[in-house]
Amino acid sequence: MGHREFEHHEQRILEEIMRLRRDVRGNRFLNTPLEEQVLDQILHAGLLAPSVGFSQPWRIIDIRNRETKQGVAKIFAEENTEAAKQFEDQRRQQYQQLKLEGILEAPVNLAVFYQHSDEAILGQTSMPVVGEYSTVCAIQNMWLMARALNVGMGWVSILDRKKMEALLGASRHQKFVAYLCLGYVDKFYDQPELEMRGWEQRKRIEELIFRDSFSSQGSDTCT
Ligand SMILES: Cc1cc2nc3c(=O)[nH]c(=O)nc-3n(C[C@H](O)[C@H](O)[C@H](O)COP(=O)(O)O)c2cc1C
């Protein structure tokens, strides 16, 4: 059994990749094709993710076809029009100016599904949703590997699940989880675009991490 210990400089690299990983939208993608071997590396990183009961419940469709992308872009446009209505006044105007996807600009799109099993899965018996969490672990692995390979990735979630499942021919066991846009970029920002554009700020650690219970907030939070 191997036992590899990582060195300090390697730990720093992982931290840098996590710090500089970005959600990339259409305005940053280049037309440059993504080499198959690079995409394979990203996909394989996804397959290394942890999963409940080692169920590996993710299923991924690699989409290159322009017509399919256009179908997805149409679903996005419909949903995004509705989404804007949920914000008021100035916030709505600001929302409408944001570019929130790169479906047609990115050379590769990945549709990620959760494959539901009718059989009991070790660890998933109390909280069935952990199957979907496992799928998200695969997405995060791909996001980090993409960044390590200097490939941009954007997650598009302003999509109607049922329409996506119908468009991509999912069976009743396959639940749409995420739509990812991948490709080379003209630049990576060093902070989230939503932060740069004044939409949201990074929260402080005291707002997010608690010690022992939520009720101890204020007196004994971790710092
Ligand atoms: C579950 C999930 C769904 C997301 N959906 C969208 C989306 O539909 N459109 C978009 O522009 N960004 C989307 N994002 C990206 C976030 O806006 C982004 O992660 C956040 O602003 C922080 O920026 P960063 O990823 O560059 O650090 C999504 C991210 C996650 C984790």
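A. Expanded view of the overall build of the chain. When helices and strands are counted, the chain shows 8 helices and 4 strands. Secondary structure elements of the chain, listed N to C terminal, follow the sequence α-α-β-α-α-β-α-β-α-β-α-α. Viewed in the frame of its principal axes, the chain has a C-alpha envelope of about 50 × 45 × 40 Å. Taking all 223 residues of the chain together, 39% fall into the buried category. Of the roughly 13,900 Å² of accessible surface on the chain, 51% is carried by carbon and sulfur atoms. One way to put it: in the chain the 28 positive side-chain charges average out to a point 3 Å from where the 32 negative ones average out.

B. Up close: the pattern of salt bridges. All told, the structure shown has 17 salt bridges when counted by the stated rule. Of the charged contacts in the structure, one is a salt bridge between Arg64 and Glu36, with a shortest N-O distance of 3.0 Å. Linking Arg64 in the loop between β1 (58-63) and α3 (66-84) with Glu36 in helix α2 (residues 36-47), this pair joins segments that are 28 residues apart in sequence. Looking at Glu36, the relative accessible area reads 46%, which means it is partly exposed. The residue Lys99 makes a salt bridge to Glu101 at a minimum N-O spacing of 2.9 Å. The class of Lys99 is partly exposed, set by a relative accessible area of 26%.

C. Local environment of the sheet that holds β1. What the 4 strands build is an open sheet, ordered β1-β2-β4-β3; its pairing is antiparallel. Only two strands of the sheet have a single neighbouring strand rather than two, namely β1 and β3 (152-156). Sheet twist, expressed as the mean angle between neighbouring strand axes with direction ignored, is 25°. As paired elements, strand β2 (residues 108-115) and strand β4 (residues 174-183) share 8 bridges and run antiparallel to each other. Across the sheet, Leu110 pairs through a bridge with Leu180, a residue of β4.

D. Looking closely at the site of the ligand. Every residue lining the ligand is accounted for by Arg21, Arg22, Asp23, Arg25, Leu100, Trp155, Val156, Ser157, Ile158, Pro192 and Leu194. One of the side-chain N or O atoms of Arg22 is found 2.7 Å from an oxygen atom in the ligand. Taking 610 Å² as the accessible area of the ligand by itself, protein coverage stands at 72%.

E. Just the packing of aromatic side chains, in detail. The full count for this structure, using the stated rule, is 6 aromatic pairs. Ring geometry for Phe87 versus Tyr95: centroids 4.9 Å apart, planes at 20°, classification stacked. According to the relative accessible area criterion, Tyr95 is buried, its value standing at 7%. Ring plane angle 55° and centroid distance 6.1 Å describe the contact between Tyr95 and Trp199, whose orientation is recorded as tilted. Of this pair, Tyr95 sits in helix α4 (residues 89-97) while Trp199 sits in the loop between α7 (193-196) and α8 (205-208), placing them 104 residues apart in sequence. Take Trp199: its relative accessible area is 12%, and that puts it in the buried class. Following the ring pairs from residue to residue traces out a cluster consisting of Phe87, Tyr95 and Trp199. The residue whose ring lies beneath Arg91 is Trp199, and the NZ or CZ to ring-centre distance is 3.6 Å.

F. Up close: the pairing of β2. By the criterion of burial, β2 is predominantly enclosed, with 7 of the 8 residues buried. Across 6 bridges, the pairing between β1 and β2 is antiparallel. The residue of β2 that forms the bridge with Trp58 is Tyr114.

G. Structural detail: a nonpolar patch on the surface. Judged by side-chain polarity, Met127, Val129 and Tyr133 come together as a nonpolar surface patch covering roughly 300 Å² of accessible area. Its place among the elements puts Tyr133 in helix α5 (residues 130-148). A relative accessible area of 48% places Tyr133 in the partly exposed class.

H. Summary view of the side chain of Gln124. The topology assignment puts Gln124 in the loop between β2 and α5. Excluding residues within four positions of it along the chain, Gln124 makes contact with Val52, Tyr114, Val130 and Gly131.

Procedures and definitions
The residue count restarts for each chain, going from 1 along the sequence in the order it is written. Confidence filtering applies because this is a predicted model: local features only for residues at pLDDT of at least 70, side-chain atom pairs given and counted only at 80 or more, and all residues used for totals across whole chains, interfaces and linings. The side-chain quantities take in all heavy atoms of the structure and omit both hydrogens and water. Put simply, DSSP H or I for four residues or longer makes a helix, DSSP E for two residues or longer makes a strand, and each gets a number counted from the N terminus. Exposure classes here rest on a 1.4 Å probe applied to the protein chains alone. A residue is buried below 20% of its type maximum, exposed above 50%, and partly exposed in between. Here the accessible surface of atoms and residues is derived via Shrake-Rupley with a 1.4 Å probe, and residues count as covered only by protein chains that are part of the display. The sign given to each residue is positive for Lys and Arg and negative for Asp and Glu; His and the chain ends receive no count. Each charge is placed at NZ for Lys, CZ for Arg, CG for Asp and CD for Glu. By convention in these notes, a salt bridge is any Lys or Arg side-chain nitrogen within 4 Å of a carboxyl oxygen on Asp or Glu. Whether two strands pair comes down to DSSP finding at least two bridges between them. Here an axis means a line fitted to C-alpha atoms, over the contact stretch when the element is a helix, while the angle between two N-to-C directions is reported on a 0 to 180 degree scale. Throughout this document, a residue counts as near a molecule or strand when at least one of its heavy atoms sits within 4 Å of that molecule or strand. Polar contacts, as counted here, are pairs of nitrogen or oxygen atoms within 3.5 Å of one another; within protein the pair requires one atom able to donate a hydrogen and one able to accept it, and residues that are adjacent in sequence qualify only if both atoms are side-chain atoms. Side-chain rings of Phe, Tyr and Trp (the six-membered ring for Trp) are treated as a pair once their centres are within 6.5 Å; stacked means planes under 30 degrees apart, edge-to-face means over 60, and tilted covers the remaining angles. Distance and angle both matter: a charge sits over a ring if NZ of Lys or CZ of Arg is within 6 Å of the ring centre and within 35 degrees of the ring normal. Patch rule: a residue counts if its relative accessible area is over 30% and it has no salt bridge; like charges are joined within 9 Å, and nonpolar side chains (Val, Leu, Ile, Met, Phe, Trp, Tyr) within 5 Å. By definition in these notes, contact holds between two residues if any of their heavy atoms fall within 4.5 Å.

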